[in-house]
Amino acid sequence: ATCRWPRTILCWFVLGAHRESGSVMAPPKSTLVVAADELPDCGLLGALESSRAFSSDTALNGCIVTQFAQRSERGAQVIDWASRFCNLGEEARVELRYWEGYRAHKGETFTDQLRRQLQEDFTRIYGQLVKNNIVEGTEAEQSVSIAVHQNLALFIEDLMKLYISACGTEECKHDGLSWALKLDINALSACIKFHDDNLDMRLVTTLVGDGTVIAPDDAVDWGLYKQGPPAAAPETDDDARSEEFKAWNKTVVTSDHATKAGDVILMKGGKSKASSPCVHRAPYSADANDTGNLRMLVTLERIPADEKAAFVEMWQSEQTRDLDTNDAVQLPEGEKLPVTLLSGFLGAGKTTLLTHVLNNREGMRVAVLVNDMASINIDASLVQDGVQLRESKDKMVELHNGCICCTLREDLIESVRALALERRFDYLLIESTGISEPMPVATTFAATDEDGLATLGSVARLDTLVTVVDCQNFLKDYQSGDKAVDRKDLGAEETDQRTIVDLLVDQAEFANVILLNKTDLVSSKELARLKGIFQKLNPGALLVESQFGVVSPSLLLNTRRFDMETASMAPGWLAELQ
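What counts and what doesn't
- Residues numbered from 1 in each chain as written.
- Predicted model: local features only at pLDDT ≥ 70, side-chain atom pairs only at ≥ 80, totals over all residues.
- Heavy atoms only, no water.
- Buried < 20%, exposed > 50% of the residue type's maximum accessible area, 1.4 Å probe, protein only.
- Helix = DSSP H or I, 4+ residues; strand = E, 2+ residues; numbered from the N terminus.
- Pairing = 2+ DSSP bridges.
- Polar contact = N/O pair within 3.5 Å; in protein donor to acceptor, adjacent residues only side chain to side chain.
- Salt bridge = Lys/Arg side-chain N within 4 Å of Asp/Glu carboxyl O.
- Axes fitted to C-alpha atoms, helices over the stretch in contact; angles between N-to-C directions.
- Parallel < 35°, antiparallel > 145°, perpendicular 65-115°, else oblique.
- Contact = heavy atoms within 4.5 Å.
- Nonpolar A, V, L, I, M, F, W, Y, C, P; charged D, E, K, R; others polar.
- Core = buried A, V, L, I, M, F, W, Y, C linked by side-chain atoms within 4.5 Å.

## Quick word on helix α8 (residues 350–359)
For an α-helix the count is 3.6 residues per turn, leaving residues at separations of three or four pointing the same way. With eight of its ten residues buried, α8 lies for the most part within the structure. For α8, the set of buried residues is Lys350, Thr351, Leu353, Leu354, Thr355, His356, Val357 and Leu358.

## What about the sheet that holds strand β7 (residues 257–258)?
Spatially, the three strands line up as an open sheet ordered β7-β6-β9, and their pairing is antiparallel. The strands lining the two open edges of the sheet, one partner per strand, are β7 and β9 (279–281). Pairing analysis gives two bridges linking strand β6 (residues 213–215) to β7, with the strands arranged antiparallel. Each residue of the ladder has a partner; that of Val213, found in β7, is Ala258.

## Points about the side chain of Asp197
On the secondary structure map, Asp197 appears in the loop between β4 (177–185) and β5 (201–208). What makes Asp197 buried here is its relative accessible area of 4%. A polar atom in the side chain of Asp197 sits 2.9 Å from the side chain of His280.

## Considering the pattern of salt bridges
A complete count under the given rule lists 17 salt bridges for this structure. Put simply, Arg115 and Glu157 hold a salt bridge, and the shortest N to O gap is 3.2 Å. Taken as a pair, Arg115 in helix α2 (residues 110–131) and Glu157 in helix α3 (residues 137–167) lie far apart in primary sequence, 42 residues in all. Assessed through its relative accessible area of 24%, Arg115 is described here as partly exposed. Within this structure, Glu95, Arg97, Lys182 and Asp184 form a network of salt bridges that share partners.

## As for the packing of helix α12 (residues 471–478) against helix α13 (residues 500–509)
Remark: α12 packs on α13, axes separated minimally by 9 Å, with the N-to-C direction vectors making an angle of 130°. Our classification of the angle between α12 and α13 gives oblique. Counting all contacts with α12, which are made through Phe474, Asp477 and Tyr478, the residues of α13 involved are Ile500, Val501, Leu504 and Val505. Each residue belonging to the contact of α12 with α13 can be placed in one class, and the counts come to six nonpolar, no polar and one charged.

## A look at the nonpolar core
Core analysis: the largest hydrophobic core is formed by 52 residues, its most contacted members being Phe68, Phe85, Leu118, Phe122, Leu266 and Met296. Examining the composition of this core, we find that eleven residues originate from one element, α3, more than from any other. Core analysis: the next-biggest nonpolar cluster, separate from the first, contains 28 residues, Ala420, Ile430, Met439 and Leu465 among them.

## Side note on the pairing of β5
Where burial is concerned, most of β5 is hidden: eight out of the eight residues are buried. Sheet topology places β5 next to strand β8 (residues 264–268); five bridges connect them, and they run antiparallel. By the bridge assignment for β8, Arg202 is matched with Met267. Where β5 meets strand β10 (residues 296–304), six bridges bridge the pair, whose relative direction is antiparallel. Looking at β10, one finds that Val208 is bridged to Met296.

## Remarks on the environment of Gln472
Tracing the backbone through its elements, the reader meets Gln472 in helix α12. The partly exposed category is assigned to Gln472, whose relative accessible area is 43%. The spacing of Gln472 and Val522 is 50 residues in sequence and 5.9 Å in space, taken between C-alpha atoms. Ignoring any residue separated from it by four or fewer positions in sequence, one finds Gln472 in contact with Leu521 and Val522.

Encoded structure:
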């Protein structure tokens, strides 16, 4: 029989964090109990004589290391931070998931990946708390830099070492398995029905609230347990189903063992060599009926590649559904994500400019959306090689195999909305392909759905349209009779009938800023001629000279040069909106 699960808990069985009041039973015979202060300085089970048998003894299916968090100053600080964070109540309710290799940077170990992603997530969370006047900015900064970045990541590394030492088998350590970590903070519910898990081994610890409840083997009526609880009657509400679970628990388990905050529990599952899996449940106070429940759970395990792929897919699906429920979100104007679009012909220097801006962004948290029509996204790889992602504040999303202004318009909307609704970036830079035009992208920010609601304009604000010009080759291309499809390196589709001149003109006419790049490669006479052409094509645009894309970012970011009302009067605007 299944538990009543909240939507995002379907990925894993949640192991709970509280126990109802009552006496604590003696340690179950099937569970090894070790006091953390008995562990050697390394904190590893294998280094302790009494615990070496855990991995090999099939009669043991659980191990409790009591007060593991409190054994070190770092762990005690983590518990103190966790308590303060959970006390923020509903505002601090969040579920965080981390899988080794998922959204990792090239060459990152899982510990480096985890440290970076924890920093990113809690910077975003505390940033929102500051915006909502829940915490002060100074407190948020201290909490992120000290409690989270330094202590929480290191504490989780200690848990990983403990897990490996308890595993004791090469299967636990081989390359086919990946780390999977879950943080549940002030979650509304967990599974209060006694159950076991179809896995090798899982580690769980509660940092705030009481811990998981474990049933000793000799207290379980295995016949009744395998039958599961009675099926829910039609129209059974949550409260009634909870009471049914409690009654069933009393029937199948005659005694249990509670754990406390700071204890670490290692549980063998159905895939282990234990004679029986560890039966456990969340405490009743962790049920959905107790909305004021404050708790923080850490769950850690190693999983095979297919399970990891399934969990990631499920998690991404959950995030997409959450975004779908935010379709009608209307952010205040000051909270909309500002966007700068970089356009320009192939070879003009867009990527060089983008790299320069990112390396001189003065602490701004920037998301980058890159696009390349070729099958290999060379632009994306160049940016990743050239940009230093300081303190992991930046995020890159790639739109593959299509042009921003045509085939991937829907993809663009989804990507920008997702980034805007994360509410953790100060700015978004979009680098388009060499054959993209600014106007179709701009109209996307004005587009509405069938109900008349803005799709992008409600969460993001188009700030500046920048067109980069290759001064050395512009005049030659401007006099060319070629079509876009004639230049194979542009990647234009066969149906694209635009000429090179049409493309250059369209990119220049709709820009707010025209960056005259590579001015060192032309004479002063040629530069003057170029300026004359662009002043006629677009008299309202700001002309900026540059070499190697080196310009002040203030000329490109937060300029507020784009004006939707003015843009909507441009020829072709209404046609693009169709």
